[in-house]
There are 2 protein chains.
Amino acid sequence: MSTLKATLEATTDAVTLNPGRASVKLEADGALVGPCEVRARVGDWTLVVDEPEALGGADAAPNPLQMALVALCSCQAITYRLWAEKKGITLDDVEVSVRGTTDIRGLLGVSGAARPGFTGVSIDVRISGPEDRDTYEELRRTVDAHCPVFDVFAAPLTVTTRLRGT
Amino acid sequence: MSTLKATLEATTDAVTLNPGRASVKLEADGALVGPCEVRARVGDWTLVVDEPEALGGADAAPNPLQMALVALCSCQAITYRLWAEKKGITLDDVEVSVRGTTDIRGLLGVSGAARPGFTGVSIDVRISGPEDRDTYEELRRTVDAHCPVFDVFAAPLTVTTRLRGT
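In short, a report on the structure. (Residues numbered from 1 in each chain as written. Chains lettered and ligands numbered in written order. Predicted model: local features only at pLDDT ≥ 70, side-chain atom pairs only at ≥ 80, totals over all residues. Heavy atoms only, no water.)

Notes on the packing of aromatic side chains
Next up, step 1: In the structure shown here, the tally under the stated rule is two aromatic pairs over all chains.
Next up, step 2: Between Phe118 of chain B and Phe153 of chain B, the ring centres sit 6.1 Å apart and the planes meet at 20°, which makes this aromatic pair stacked. On the criterion of sequence distance, the pair formed by Phe118 of chain B in strand S5 (residues 118-128) and Phe153 of chain B in helix H5 (residues 148-154) is long-range, its members being 35 residues apart.
Next up, step 3: The aromatic ring of Trp83 of chain A is capped on one face by Lys86 of chain A, whose charged end is 4.5 Å from the ring centroid. (Phe/Tyr/Trp six-rings, centres within 6.5 Å; stacked < 30°, edge-to-face > 60°. Helix = DSSP H or I, 4+ residues; strand = E, 2+ residues; numbered from the N terminus. Lys NZ or Arg CZ within 6 Å of the ring centre and 35° of its normal.)

A short note on the interface of chain B and chain A
Next up, step 1: The partner chain A presents 115 residues to the 115 residues of chain B that form the contact.
Next up, step 2: Around 10,300 Å² of area is buried between chain B and chain A when both sides are counted, 63% of it from carbon and sulfur atoms.
Next up, step 3: Where chain B packs against chain A, one counts eight salt bridges.
Next up, step 4: Between Asp151 of chain A and Arg115 of chain B there is a salt bridge, with its nearest N and O atoms 2.8 Å apart.
Next up, step 5: For the pair chain B and chain A, the number of links is 54 residue pairs in polar contact (both at pLDDT 80 or more).
Next up, step 6: Per element, the largest residue contribution to the side of chain B that touches chain A is 20 residues, and it comes from helix H2 (residues 64-87) of chain B.
Next up, step 7: In terms of residue class, the side of chain B that touches chain A is made up of 64 nonpolar, 29 polar and 22 charged.
Next up, step 8: Relative to S5 of chain B, strand S6 (residues 159-164) of chain A is paired through six bridges, and the arrangement is parallel. Counted as the bridge partner of Leu163 of chain A is Val125 of chain B from S5 of chain B. (Contact = heavy atoms within 4.5 Å. Buried area = accessible area lost by both parts, 1.4 Å probe. Salt bridge = Lys/Arg side-chain N within 4 Å of Asp/Glu carboxyl O. Polar contact = N/O pair within 3.5 Å; in protein donor to acceptor, adjacent residues only side chain to side chain. Nonpolar A, V, L, I, M, F, W, Y, C, P; charged D, E, K, R; others polar. Pairing = 2+ DSSP bridges.)

Some details on the sheet that holds strand S1 (residues 23-32) of chain B
Next up, step 1: Taken in spatial order, the six strands line up as S3(B)-S2(B)-S1(B)-S4(A)-S5(A)-S6(B) in an open sheet, and their pairing is mixed. One side of each edge strand has no neighbouring strand; the edge strands of this open sheet are strand S3 (45-49) and strand S6 (159-164) of chain B. Sheet twist, expressed as the average angle between the axes of neighbouring strands with direction ignored, equals 20°.
Next up, step 2: The strands touched by helix H4 (residues 133-146) of chain A are strand S5 (118-128) of chain A together with S6 of chain B; relative to S6 of chain B, the strand with the most contacts, the crossing angle is about 155°. (Axes fitted to C-alpha atoms, helices over the stretch in contact; angles between N-to-C directions.)

Details of unusual backbone geometry
Residue and element names in this part refer to chain A.
Next up, step 1: The backbone of Asp59 shows a phi angle near 55°, a positive value even though the residue is not glycine.
Next up, step 2: Mapped onto the elements, Asp59 comes out in the loop between strand S3 (45-49) and helix H2 (64-87).
Next up, step 3: Judged by relative accessible area, which is 41%, Asp59 ranks as partly exposed. (Buried < 20%, exposed > 50% of the residue type's maximum accessible area, 1.4 Å probe, protein only.)

Focus on the environment of Pro52 of chain B
Next up, step 1: For Pro52 of chain B, the position within the fold is in the loop between S3 and H2.
Next up, step 2: In the structure, Pro52 of chain B is positioned 16 residues away from Cys36 of chain B in sequence and 9.1 Å away in space, judged by C-alpha atoms.

So, the relation of the copies chain B and chain A
Next up, step 1: Expressed as a screw transformation, the operator carrying chain B onto chain A has a rotation angle of 180° and an axial translation of 0.0 Å, and the superposed copies differ by an RMSD of 0.0 Å. Look at the turn and shift together and you get a two-fold axis relating the two. If distances are taken from each C-alpha of chain B to the rotation axis, the shortest is found for Pro156 of chain B, at 2.3 Å.
Next up, step 2: In this assembly, 100% of the residues forming the interface of chain B have copies in chain A that are likewise at the interface, indicating an isologous arrangement. (Least-squares fit on C-alpha atoms with pLDDT ≥ 70 in both.)

Some words on the pattern of salt bridges
Next up, step 1: Within the structure shown, the criterion is met by 20 salt bridges over all chains.
Next up, step 2: The closest approach of N and O atoms between Arg99 of chain B and Glu27 of chain A, which form a salt bridge, is 3.5 Å. Remark: Glu27 of chain A occurs in strand S1 (residues 23-32) and Arg99 of chain B occurs in strand S4 (residues 93-103); the pair is interchain, linking two chains.
Next up, step 3: In this structure, Asp103 of chain A engages Arg105 of chain A in a salt bridge whose closest nitrogen and oxygen atoms are separated by 2.7 Å. Of the two residues, Asp103 of chain A and Arg105 of chain A, neither departs from the other in class, the shared state being buried.
Next up, step 4: A single salt-bridge network, built from bridges that share partners, covers Glu27, Arg162 and Arg164 of chain A together with Arg99 and Asp124 of chain B.

Topic: the pairing of S1 of chain A
Next up, step 1: Where S1 of chain A lies against S4 of chain B, nine bridges are found, and the strand directions are antiparallel. Across the sheet, Gly30 of chain A pairs through a bridge with Val96 of chain B, a residue of S4 of chain B.
Next up, step 2: Pairing of S1 of chain A with strand S2 (residues 38-42) of chain A, which is carried by five bridges, proceeds in the antiparallel orientation. Along S2 of chain A, the bridge assignment pairs Ala31 of chain A with Arg39 of chain A.
Next up, step 3: Between the end of S1 of chain A and the start of S2 of chain A, which pair antiparallel, lie five residues.

Written as structure tokens, this is what we have:
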């Protein structure tokens, strides 16, 4: 058994036997450090996000919707890896391209605007490996059913906001 | 008028007069470069995403759900800036903390699991500035209605996937 498959089986066993261990809390904190530039901390890492000049930024870093697409494309690629291991399907390479269209009238509040987020998202996945197409198509359906960020994009979610300390 | 406000008004005028200019296509591409490590390209930038060891990664970078939270917290902070400028509301500092809980049984396909993404997300915003609380509460409602990544998280969206070249 591969090291990755053994790790996944050990983690799966642990959270099956003790469901309380399955719940993971994640947090990110960000602060404006320029007109539109945000310095964000997540785990041990610091990331910078900015906007293009047309929205008053300095175009110094990816914008928030681009960061969301990075989350989606990486989550798809990793979920292919994990589920291929779980199912014993060989994958040599996985490349994922994610495209989203947004209408900035939503952000800017222009009358008649579309929603502020993406109006649509499409994902192209290029797999190389020895299995036949049907096997990879079945894998694709399994991945889309279990990919965490795919779920964040595709399905509704309750997000609560509150002001603190004002 | 501030430079930022003038930029926003110019962009708003441009997309109001010519709605075709409002549509923006964004793309991110990622490839597996390790067991779970993904190298992603977006715009002019390269970002790395990984998983913790319990999922077979090397914990070398944020995981995809953490990247999604960075997208959300930065989008909130920037949308506060933009709408404060538009409304003439003074903001001195904005800090945003985003917390999400996920149940990894969803990703791993454990029977009885929750959904694979977040089971809930909460956002705390700390604003400092001279306006009263009601003014900032009204700003919060406006931000949540126009924040692009808030919309990606909160509302359903059609995401299509296809395999290419297999």
